[in-house]
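# What the coordinates show
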Amino acid sequence: MPKKLLLSLCLVTAPAIFAEEFSSTATVSATVSATDSDGDSDETSPPPKPLHSEIEFGYQSHSGNTDSQSLNARIAAEYIEGRHRTSGEWKYYQLYKDGEEDKNQHNYLAQSDYKLGPRSYLYGNYNGVSSLYNSYYEDHTLSIGFGYQLSNTEQLLLEFEAGPGYRYQEPNLDEIDDDDIIFPNTVKEAIVRANLNLVWNPLATLSFGSKLTVTMGDSNSRYDTELNATNAITETIALKIVYSSQYHDKVPGDLSKNDSIFTVNLLFKF
């Protein structure tokens, strides 16, 4: 009878233990550590490794009426141990038109999270952009706040976070022209940031992702959207399709408020 009672208690408390730990956004899965499972875990399933890294690469070339070449790359890493989750990302985009460099942009993202309970967590976020030819760029934001996981299973990860922050934007006065969507002012202001992240794995080899980030300040509000689909070719190589857009609620003159880009990349996982 004591053994049956102990087993029943383990089964009842297992979901709470499971929810206290982060799961990787790369695999959207989590397992209870061997020390917490009291020896009842499946020995044939090793615990997930704490570090996940990815490299993406894409290239496009156009000739004829339009002569252009573009290169995009991405490096990302995520480390999870217990209640701590730390992630970082670097993106690069380069565009040549008619033999001359037209865009050269770097995007940086770093975030650290700490799980408070089964679904809630604290976060600290940094997002930066550096560009040689766009109008701002330097563009940096810092934010801290509260996050909540609406779902955290092997098939579905859905989490929302929001908090206050600070934004610094420095215009590139040498590059501003009529088609740049930035006002020629240095911005130093408080902001409110909100982020919604979704990862859905309907099949073992297929996943869909969506991310919406809203940055609101007195000077401008920006809405960044990303939709992606990833199809695994092997355990470490996948084909990834990405659509991303950026919307500003204030733009000079009659310029469009929305810019978007569509890429097809090879993804390598380590």
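Refer to the structure presented above.
I will try to describe carefully the structure that is included in this document. Just so you know, these numbers come straight off a predicted model, no measurement behind them. (Residues numbered from 1 in each chain as written. Predicted model: local features only at pLDDT ≥ 70, side-chain atom pairs only at ≥ 80, totals over all residues. Heavy atoms only, no water.)

### Side note on the overall build of the protein chain
- Looking only at helices and strands, one finds one helix and 12 strands in the protein chain.
- The order of α-helices and β-strands along the protein chain, N terminus first, is α-β-β-β-β-β-β-β-β-β-β-β-β.
- Scored against the burial criterion, the 270 residues of the protein chain give a buried share of 34%.
- For the protein chain, the proportion of contacts with a sequence separation of at least 24, taken over those separated by at least 6, is 52%.
- On the protein chain, roughly 15600 Å² of surface is accessible, and the fraction owed to carbon and sulfur atoms is 60%. (Helix = DSSP H or I, 4+ residues; strand = E, 2+ residues; numbered from the N terminus. Buried < 20%, exposed > 50% of the residue type's maximum accessible area, 1.4 Å probe, protein only. Contact = heavy atoms within 4.5 Å. Areas by Shrake-Rupley, 256 points an atom, 1.4 Å probe, with all protein chains shown as cover.)

### Structural notes on the pattern of salt bridges
- Using the criterion set out here, one finds 12 salt bridges in the structure.
- A salt bridge links Glu-54 to Arg-74; the shortest N-O distance between them is 3.0 Å. Here the residue Glu-54 occupies a position in strand E1 (residues 51-62), and Arg-74 occupies one in strand E2 (residues 68-81), the gap between them amounting to 20 residues.
- Overall, Arg-74 belongs to the buried group, its relative accessible area being 12%.
- Taking the shortest distance from any N to any O, the salt bridge between Glu-159 and Arg-85 comes out at 3.4 Å. Of this pair, Glu-159 sits in strand E7 (residues 156-169) while Arg-85 sits in strand E3 (residues 84-97); the two residues are 74 residues apart in sequence, bridging distant segments of the chain.
- Sharing partners across several salt bridges, the network here consists of Glu-54, Glu-56, Arg-74, Glu-89, Lys-91, Glu-226 and Lys-240. (Salt bridge = Lys/Arg side-chain N within 4 Å of Asp/Glu carboxyl O.)

### Focus: the packing of aromatic side chains
- If you walk through the whole model with that rule in mind, you get three aromatic pairs.
- The interplanar angle of 15° and the centroid separation of 6.0 Å between the aromatic rings of Trp-90 and Tyr-92 together place this pair among those described as stacked.
- Assessed through its relative accessible area of 27%, Trp-90 is described here as partly exposed. (Phe/Tyr/Trp six-rings, centres within 6.5 Å; stacked < 30°, edge-to-face > 60°.)

### Quick notes on the pairing of E2
- The alternating pattern of E2 places Ser-68, Ser-70, Asn-72, Arg-74, Ala-76, Glu-78 and Ile-80 on a buried face and Gln-69, Leu-71, Ala-73, Ile-75, Ala-77, Tyr-79 and Glu-81 on a face that is not buried.
- Taken together, the 14 bridges between E2 and E3 define a ladder with antiparallel strand orientation. Looking across to E3, one finds that Ser-70 is bridged to Leu-95.
- In this antiparallel pair of consecutive strands, E2 and E3, the connection spans two residues, and Gly-82 shows a positive phi of 60°. (Pairing = 2+ DSSP bridges.)

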